Amino acid sequence: MPNDPVPLDRHDRTILDILAGEGRIAVAELARRIGLSKTPTLARLKRLEEAGVITGYRAMLNPIRLGLAHVAFVEVRLSDTREAALRAFNAAVRAIPEIEECHMIAGGFDYLLKVRTADMARYREVMAVRLSGLPHVANTSTYVAMEAVKDAGLARPG
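Predicted, not measured: the structure shown is a model, and the values here were computed from it.

**Some thoughts on helix α5 (residues 120-131)**
Right, so step 1: For α5, with 12 residues, the first-to-last C-alpha span of 14 Å runs short of the 16 Å given by 1.5 Å per residue.
Right, so step 2: Three or more residues of α5 are buried, namely Y123, V126, M127 and L131. The buried residues of α5 occupy one face: seen down the axis, they fall within an arc of 100 degrees. In α5, the exposed positions that point more than 90 degrees away from the buried face belong to R124 and V129.
Right, so step 3: Measuring from the backbone nitrogen of A121 back to the side-chain oxygen at the start of α5 gives 3.2 Å, which picks out D119 as the cap.

Spelled out as structure tokens, the structure:
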């Protein structure tokens, strides 16, 4: 599936806006809210899914209520940035459940990780055992988040 932008009309954007906030909305209610009947609304949903615009549906979980209040952002510098080293690092990161996000960065370091744990003690364990053992890691810098001012993911399509 190519990564080219998908052309979206007003109805498509409204569908995406509604689903971003209310993923469990019934198709009939979605159709009513966008001003189309159920059949064309369902066809649009299927087209958006097949085009890869909608990649899935999921429940949004409250990490605080789950006992996962500690968030750390970790800058990672690699000792080797050749393709094989990047693939090895990427594969290893995917296997660590505490890493919520991982982004390759263009700048003064190579990757930015978002690591979520119960508390500082658990983060220290994850850092000592798992993060420091990632392939090709030269060094890391950790920044602890004090508060999530905005943490909503992509809430509205461009």
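Further notes follow.
**Some remarks on unusual backbone geometry**
Right, so step 1: Unlike most non-glycine residues, H136 shows phi in positive territory, near 65 degrees.
Right, so step 2: Along the chain, the position of H136 falls in the loop between α5 and β4 (137-144).
Right, so step 3: Accessibility expressed as a relative area gives 32% for H136, which makes it partly exposed.

The rules we used
- Residues numbered from 1 in each chain as written.
- Predicted model: local features only at pLDDT ≥ 70, side-chain atom pairs only at ≥ 80, totals over all residues.
- Heavy atoms only, no water.
- Helix = DSSP H or I, 4+ residues; strand = E, 2+ residues; numbered from the N terminus.
- Expected span 1.5 Å × (residues − 1).
- Buried < 20%, exposed > 50% of the residue type's maximum accessible area, 1.4 Å probe, protein only.
- Arc of directions from axis to C-beta.
- Polar contact = N/O pair within 3.5 Å; in protein donor to acceptor, adjacent residues only side chain to side chain.

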